[in-house]
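Understanding the architecture of this molecule
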Amino acid sequence: MKPKTRFQYKVAAANERLQPIKDKAVEWAFHHTLNHYAFRSPKGLTTCLDCGHKWYEKGDKKCICPKCGAKLEINDTLCRKAVDKSYCSVLETQDGMQIQRVFLLTAVYRKGGKPEIHIRETLRYWLDENGQSAVTALRRTLGFYRDSFSLCSDIELRNDSDVFQYIADCEVYPRYTAIPKLQRNGLKGGFCGIAPQRLMKALLSDNRIETMMKAGQKAHLKYFIYNSQRLDECWAAYRIVMRNNYHIADIGVWADYINMLVQCGKDIHNAHYVCPTDLMAAHDDYQEKIRILREREKLEENRRKALEHEQEFRKMKGRFFGLEFTDGTIVVSVLDSVLAHYQEGDALHHCVGLESYFLNPKCLILSARINGRRIETVELSLTSFKILQSRGLQNKSTEYHDRIIALVRKNVKHVRKRMAA
Ligand SMILES: [Zn+2]
């Protein structure tokens, strides 16, 4: 890809001026990022593939070479060769820009010889003072593996990709240099488990990240860099947290909780809400509140839709309105609106609020109550005039069930009469 912007021209020029990666960095990478092996013969004779030292080792899977001190993985094998690879990086500056240089390190271990080390620089992430970034890399070849690079290509400007980002999430040689703004913004020591170029870019372009870095909140930093939309959502609340020296027990749970406070319309500038004494309990509380809220919204939506059916319902069942029978205690009356069906369903937690009931021309729904309290809901067939069902709270029968059935049966004639009218 040819440079287009001023920044890309600057990167392309600086890209030509870099020195080879220092031997010390490669040596560090060899010792810290690769596996090291000992091959053990069936008789127990063990060979360190780092220094060639031989001894008898009884250990299980791991040992330390008595001569060179390398931590070794024991392979019980007659093989004579092993290969290990890793991506590692160094941080440097060039022409006022920050670079992460990523290289592929390959070690070929042979029994009876020194390890052969190959190093191939693969890609470079470039950042300017404002966090603007560019990539120079080897050309990728189409292939199944992530690290399919054309080794005979040059390191040139390329479009950034997930693969580059994935590879650049690797160990950094601890003796690095950083541009002054990164140092000022708090970069020193480790990378808190965050991909180096992502952390640096965030530190250069977002002063909220800088604030967290300086406060030493590594877990929070990591969470917000990988969940950046949550940072926008939570930042106001997070500032309250800092001002109150509140300890966040779990940043993911807390961010979730803040999100739920917003959904419930709570003030996230208020320490009372954003700094709960027991975060887990508060989180669970709001989770329940949200569940109820969603349920209510859904119900409301259904109700709104159902009310659109009111006219149709009146046309279909209007002739039965006002029908009411009693045995002195129980009063059974016809439900005379869609809303009444909903209220009945809500109160008794059954599904009489469904269209299939109130808009069914073949049935009539009646409510059996004592002193206005709902006892059971009765479904009467308008074709056979039989009682199809009568149910109380959560679809169960009540102690009045038989009396209700008898009362409706006795008065079915009034329903028939209205039907014929
Ligand atoms: Zn050794």
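Structural data are supplied above this passage.
Note that the structure is a prediction, hence the values are computed from the model and not measured.

Some words on the sheet that holds strand β7 (residues 97-110)
Spatial ordering of the open sheet is given by β10-β9-β8-β7-β6-β11, a layout of six strands whose pairing is mixed. Each edge of the sheet is formed by a strand with only one pairing partner; in this case those strands are β10 (156-158) and β11 (171-172). Running over the sheet, helix α2 (residues 23-33) touches β6 (81-94), β7, β8 (116-127) and β11 and is turned about 60 degrees from β7.

Quick notes on the pairing of β7
Judged by how many residues are buried, β7 sits mostly within the fold: ten of 14 residues are covered. Strand direction decides the pairing type here: β6 and β7, joined by 14 bridges, are antiparallel. The residue bridging tyrosine 87 from the neighbouring strand is leucine 104, located in β7. Counted between consecutive antiparallel strands, the loop separating β6 from β7 contains two residues, among which aspartate 95 sits at a positive phi close to 50 degrees. Bridge analysis of β7 against β8 gives eleven bridges, and the strand direction is antiparallel. In the sheet register, glutamine 98 faces β8, and the bridge partner there is leucine 127.

Here we look at the nonpolar core
Judged by nonpolar contacts, the single largest core of 59 residues is most densely connected at Leu123, Met200, Leu203, Ile209 and Ile258. Considering every element that reaches this core, the biggest residue donor is β7, with seven residues. Per-domain counts for this core show at least three residues from each of domain 1 (6-172) and domain 2 (227-307). Residues contacting isoleucine 258, with those up to four places away along its chain left out, are Glu233, Cys234, Ala237, Ile268 and Val274.

Remarks on the sheet that holds strand β2 (residues 45-48)
An order of β3-β2-β1-β5-β4 is seen for the five strands of this open sheet, with the pairing classed as mixed. Edge positions in the open sheet fall to β3 (54-56) and β4 (62-64), since each of these has one partner strand only. Neighbour-to-neighbour, the strand axes of the sheet open up by a mean angle of 35 degrees, direction not taken into account. Note that β2 and β3 share three bridges and pair antiparallel. Paired with leucine 45 across the two strands is tyrosine 56, which belongs to β3.

Observations concerning the environment of glutamate 399
By the element assignment, glutamate 399 lies in the loop between β16 (387-391) and α15 (401-420). C-beta crowding within 10 Å serves as the criterion here: with 8 such atoms nearby, glutamate 399 is assigned to the exposed category. Along the backbone, glutamate 399 and isoleucine 375 are 24 residues apart, and their C-alpha atoms lie at a distance of 9.4 Å.

Things to note about the packing of helix α11 (residues 279-307) against helix α13 (residues 338-348)
Between α11 and α13, whose axes approach to 9 Å, the crossing angle comes to 155 degrees. Judged by the angle between their axes, α11 and α13 are roughly antiparallel. Taken as a pair, α11 and α13 cross one another with a handedness that is right-handed. Across from Arg303, Ala306 and Leu307 in α11, the residues of α13 making contact are Val338, Leu339 and Tyr342. Looking at the contact of α11 with α13 residue by residue, the classes come out as five nonpolar, no polar and one charged.

Let's talk about the pairing of strand β15 (residues 373-381)
In the sheet, strand β14 (residues 363-370) pairs with β15 via eight bridges, with the strands oriented antiparallel. Within the sheet, the bridge partner assigned to cysteine 363 lies in β15 and is serine 381. The hairpin turn running from β14 into β15, its antiparallel successor, is two residues long, and asparagine 371 in that turn takes a positive phi close to 50 degrees.

Here's the deal with unusual backbone geometry
Residue aspartate 95 is not a glycine yet carries a positive backbone phi of 50 degrees. In this structure aspartate 95 comes out as partly exposed when scored by C-beta crowding, with 13 C-beta atoms within 10 Å. Phi at glutamine 394 takes a positive value of approximately 50 degrees, unusual for a residue other than glycine. Take glutamine 394: it is sitting in the loop between β16 and α15. Take glutamine 394: there are 8 C-beta atoms within 10 Å of it, and that puts it in the exposed class.

What counts, and where the lines are drawn
- Residues numbered from 1 in each chain as written.
- Predicted model: local features only at pLDDT ≥ 70, side-chain atom pairs only at ≥ 80, totals over all residues.
- Pairing = 2+ DSSP bridges.
- Helix = DSSP H or I, 4+ residues; strand = E, 2+ residues; numbered from the N terminus.
- Contact = placed C-beta atoms within 7 Å.
- Axes fitted to C-alpha atoms, helices over the stretch in contact; angles between N-to-C directions.
- Buried ≥ 20, exposed ≤ 12 C-beta atoms within 10 Å, placed from the backbone.
- Core = buried A, V, L, I, M, F, W, Y, C linked by C-beta atoms within 7 Å.
- Domains from an automatic or database assignment.
- Parallel < 35°, antiparallel > 145°, perpendicular 65-115°, else oblique.
- Left-handed = near helix turned anticlockwise from the far one by under 90°.
- Nonpolar A, V, L, I, M, F, W, Y, C, P; charged D, E, K, R; others polar.

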